[in-house]
Every structure is written in structure tokens, then in C-alpha cells.
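Listed here are the chains, written in short residue letters.
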Amino acid sequence: MIEVPRWLLLVLGALFSAYHVILGVYSLDAPRSPWPAIAALVLYSVATVMSLWPAKRVRMPDWLAAFNLAVSIVLPLLVASQLDPEAENGYATWYVAAVGTLMTITAARRQLVAAWLGVIALAVQTVIWAGPLALGGLGVIGSIVWVGIAHMLTTALASAARETRRYAQAEREAAAWQAAQDAHLFEGRMRLAHTNRIAAPMLRRIADRNGDLTDVQRVECRMLEAAIRDEIRGRMLLTDAVRAEVQRARERGATVTLLDEGGIDDLDEPTRDRVLSRLAEAVARSRADRIIARTAAEGSPVAVTLVGLIDSDDAFDTDDVEVEVWLEIPREL
């Protein structure tokens, strides 16, 4: 698609409008008094300059649209009042094309109601002044056609702009989705490689011994299984410090569960490091039998919740537990 520069459209509009002014000046000898025509020329020139003046917004301000509408009503009254509707006025009826041009500019700047009211007022004034047949002879129908074309083009361009924005938004969403999928795939590969590095030596040992492991090796396997589970379910909760403290807690016999449900994915790196440093410190201080660390819901002021439970001495009493630690780590300091 070839895009026409905006400045070129403004220059063409200015030249076309200036042509009507030249015709009006050239025909000042036709009216009975030239002063109403001169006033009309001044009003039309001011309205045209204000309408074509470069602005950031394409849509014309409401006050300027109202001013243009008033000018389109006043111009025929000023000029036609000094002309004889039965005579051949020639270029003295320049105001008809001038009003059509001004209303076309108004329509192009998305003030369609004002543009249509302006040409309708011109048509009504022409019928009252010179009769219905003058609509074609004076060019009123042509002015109405130009406003109609501007209306259709403006509507089509506005629709195209909406579709362009919609497609651009869809493209951004698709790109974001693709980036998220690539990130998940990359993260999955990284975690798979990390899990392979952790589990491969033990798996080879199990295969070499045909599953006949010592008690120490079985404990090591259980610790390894828990570490792999952390890599899958813990995700963003894991740092080297957290891994080390969780390992120490398990070595003293505690059961540690890490659950990352996506609540801290949106945190920046410094904030996440601060939150996870406090988590590692809390796990290190805790002497609970069961430790559960979970990310809070997205949008919550809390980033991570840590609960430490001490089991009852009675093995048959599973309900009697003591809360050793309850910690909510906030997102912000």
C-alpha cells in the first residue's frame, strides 16, 4: 500500500481552498455590495486555515467543527443576499464550492455530523433562494457528493485502523505466547539436564548392583528423589542456598516440601533473591519435623509462606501437631 504523506494532503487542501478565495475576489464586482462577500471570504479563509493547520490529532476539535458549521451557514447568507437568483452570476456563487470544500475537510477530520449539517444547510438555503433546480446548476449536489466520499473514506480508514490495531495486538499476544513457550521449553530442558546430572550416577550404581543397595545408599536414594521432586515442584523457589538448607533439614530427618505455583514469577531478580534468602534462613533456623514452603497467590502482598510443624510424640495421634514456625515473606520491604 502506498501511503500519501500528510503534508501533501494539507498542501492540496490549501491550494484547492485558495482557488475558491481567488474566484471570490475575482467576482467581487458581481454582488450589489462587495462587503458581505469580503466578510465571507475572511470567514472562509480563517476557517480553512484553522482546519488545515497541522495538529497531533486527526479528529477535529468539537469547537472548531461548530465554527465551521456556523461559517457554512453564514457564507450563503452573506453572498447570496447580494446576488440576483434570476441572473447569471458566474463565479460569484463561489461560496457553494467553498462550503463543500470546508465540509469535506471537516468530514475528513472525523466530524461527520457537522459536515452533513453544513451541506444540508447549503442545500436548504439554495432551494429557498433559487429553487430546487439550482441544486445542480450551482454545484450543491457536487458538494454533497464530496462530503459523502469523504464520509466513506473516513469510515473505511477508521475501520482499517481498528483492524490494524487488532492485528497488532494479536501479533504481540502471539509473540508473547511463543516467547513463554520457548521459555518453558528452555527451562524444561535445563531442569531435565540438571536432573540427569543428579540422578545419573545413582542410577548407574543401582544398575551395577542390580538393586541390592545398602541402608546408607537407600537413604541417599530417598534424598536424591526428594531433590529431584524439588526441581520439578519447587521451580523458582530453588537457589543454591535454599537447596543447601533443605538438604541439611532432610539429613536431620525433617520432611521438606517445596511448592511453586507461579506466585513469584513476576518478581524481579533482586526482589526474588531477597525473598529466597529469607526462606533459606528460615529453613536453617527451623527444627520442625515437617516444613512446607509455598508461593502465595499472584497479586498477594505475600510472596512465600513457610510453615514448620512438630509431630506429636504419640505415633497414633496424627491430629496433635504443634506449629513451630509460621512465616509470611512479603513481596516488598
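### Let's talk about the nonpolar core
In terms of nonpolar packing, the biggest core is built from 27 residues, with Leu-75, Trp-94, Tyr-95 and Met-103 touching the most fellow members. Counting residues per element, the ones that place at least two in this core are helix H2 (34-52), helix H3 (62-80), helix H4 (94-108), helix H5 (112-130) and helix H7 (140-208). When residues in this core are grouped by element, the largest group, 8 residues, is from H4. Formed by 24 residues, the second largest nonpolar core is a distinct cluster that contains Leu-258, Leu-279, Ala-293 and Val-304.

### Concerning a nonpolar patch on the surface
There is a patch of nonpolar side chains on the surface, built from Ile-141, Val-145, Trp-146, Ile-149, Met-152 and Leu-153 and spanning about 610 Å² of accessible area. Summarising the element assignment, Ile-149 is placed in helix H7.

### Looking at the pattern of salt bridges
As enumerated under the stated definition, the model contains 12 salt bridges in all. For Glu-163, the salt bridge identified is with Arg-166, shortest N-O distance 2.5 Å. Of this pair, Glu-163 and Arg-166 both sit in helix H7, 3 residues apart, roughly one helical turn. For Glu-163, a relative accessible area of 30% corresponds to the partly exposed category. The partner of Arg-294 in a salt bridge is Glu-261, with the nearest N and O atoms 2.6 Å apart. On the criterion of sequence distance, the pair formed by Arg-294 in strand E2 (residues 290-295) and Glu-261 in the loop between strand E1 (255-259) and helix H10 (269-285) is long-range, its members being 33 residues apart. A cluster of three or more residues bridged by salt bridges with shared partners is formed by Arg-235, Asp-260 and Asp-265.

### Looking at H10
Residue pairs spaced three or four apart in an α-helix point in one direction, given the helix's 3.6 residues per turn. Taking 1.5 Å per residue as the helical rise, H10 with its 17 residues ought to reach 24 Å, and the 24 Å between its terminal C-alpha atoms agrees with that figure. Buried residues of H10: Thr-271, Arg-272, Arg-274, Val-275, Leu-276, Leu-279, Ala-280, Ala-282 and Val-283, and no others.

### Remarks on H3
When the terminal C-alpha atoms of H3 are compared, their 28 Å separation across 19 residues agrees well with the 27 Å that a helix rising 1.5 Å per residue should span. Restricting attention to buried positions, one finds in H3 the residues Leu-64, Ala-65, Asn-68, Leu-69, Val-71, Ser-72, Leu-75, Pro-76, Val-79 and Ala-80. The inward-facing, buried residues of H3 contact H2, H4 and H5.

### Notes on the packing of H3 against H4
To describe two helices that pack against each other, one gives the angle between their axes and the distance between the axes. With their axes 10 Å apart at the nearest point, H3 and H4 run at an angle of 180 degrees to one another. Here H3 lies roughly antiparallel to H4, going by the angle between them. When H3 is examined against H4, the residues Asn-68, Leu-69, Val-71, Ser-72, Leu-75, Pro-76, Val-79 and Ala-80 are found in contact with a partner set consisting of Trp-94, Tyr-95, Ala-98, Val-99, Leu-102, Met-103 and Thr-106. Here the contact of H3 with H4 is composed, by residue class, of 12 nonpolar, 3 polar and no charged.

### Some details on the packing of aromatic side chains
The final tally for this structure, using the stated rule, is 2 aromatic pairs. For the pair Tyr-26 and Tyr-91, a centre-to-centre distance of 6.2 Å together with 65 degrees between the ring planes defines the contact as edge-to-face. Separated by 65 residues along the polypeptide, Tyr-26 in helix H1 (residues 6-26) and Tyr-91 in the loop between H3 and H4 bring together distant segments of the chain. Since its relative accessible area comes to 46%, Tyr-91 is described here as partly exposed.

### Things to note about the pairing of E1
As paired strands, E1 and E2 are joined by 5 bridges and run parallel to one another. For Thr-257, the partnering residue across the bridge sits in E2 and is Ile-292. This β-α-β element, E1 to H10 to E2, shows left-handed connectivity.

### Thoughts on the sheet that holds strand E3 (residues 302-310)
The strand order across the open sheet built from 4 strands is E1-E2-E3-E4, with neighbouring strands paired in mixed fashion. Edge positions in the sheet fall to E1 and strand E4 (322-330), since each of these pairs with one other strand and no more. Strand-to-strand twist across the sheet, computed as the mean angle between neighbouring axes with direction ignored, equals 10 degrees. Strand contacts of helix H9 (residues 240-251): E1 and E2, with the helix running at about 150 degrees to E1, the strand carrying the most contacts.

### Quick notes on unusual backbone geometry
Backbone geometry places Arg-110, a non-glycine residue, at a positive phi of 65 degrees. Within the fold, Arg-110 resides in the loop between H4 and H5. One non-glycine residue, Arg-235, lies in the positive phi region at around 40 degrees. Here Arg-235 lies in the loop between helix H8 (215-233) and H9. Residue classification places Arg-235 among the buried residues on the basis of a relative accessible area of 19%.

### Description of the side chain of His-20
The topology assignment puts His-20 in helix H1. Residue classification places His-20 among the buried residues on the basis of a relative accessible area of 4%. His-20 has contacts with Tyr-44, Trp-94, Ala-97, Ala-98 and Thr-101, leaving out every residue within four places of it along the chain.

Reading guide: rules and limits
Residues numbered from 1 in each chain as written. Predicted model: local features only at pLDDT ≥ 70, side-chain atom pairs only at ≥ 80, totals over all residues. Heavy atoms only, no water. Core = buried A, V, L, I, M, F, W, Y, C linked by side-chain atoms within 4.5 Å. Buried < 20%, exposed > 50% of the residue type's maximum accessible area, 1.4 Å probe, protein only. Helix = DSSP H or I, 4+ residues; strand = E, 2+ residues; numbered from the N terminus. Patch = residues over 30% accessible without salt bridge, like charges linked within 9 Å, V, L, I, M, F, W, Y side chains within 5 Å. Areas by Shrake-Rupley, 256 points an atom, 1.4 Å probe, with all protein chains shown as cover. Salt bridge = Lys/Arg side-chain N within 4 Å of Asp/Glu carboxyl O. Expected span 1.5 Å × (residues − 1). Contact = heavy atoms within 4.5 Å. Axes fitted to C-alpha atoms, helices over the stretch in contact; angles between N-to-C directions. Parallel < 35°, antiparallel > 145°, perpendicular 65-115°, else oblique. Nonpolar A, V, L, I, M, F, W, Y, C, P; charged D, E, K, R; others polar. Phe/Tyr/Trp six-rings, centres within 6.5 Å; stacked < 30°, edge-to-face > 60°. Pairing = 2+ DSSP bridges. Right-handed = clockwise from strand over helix to strand, strands pointing away.

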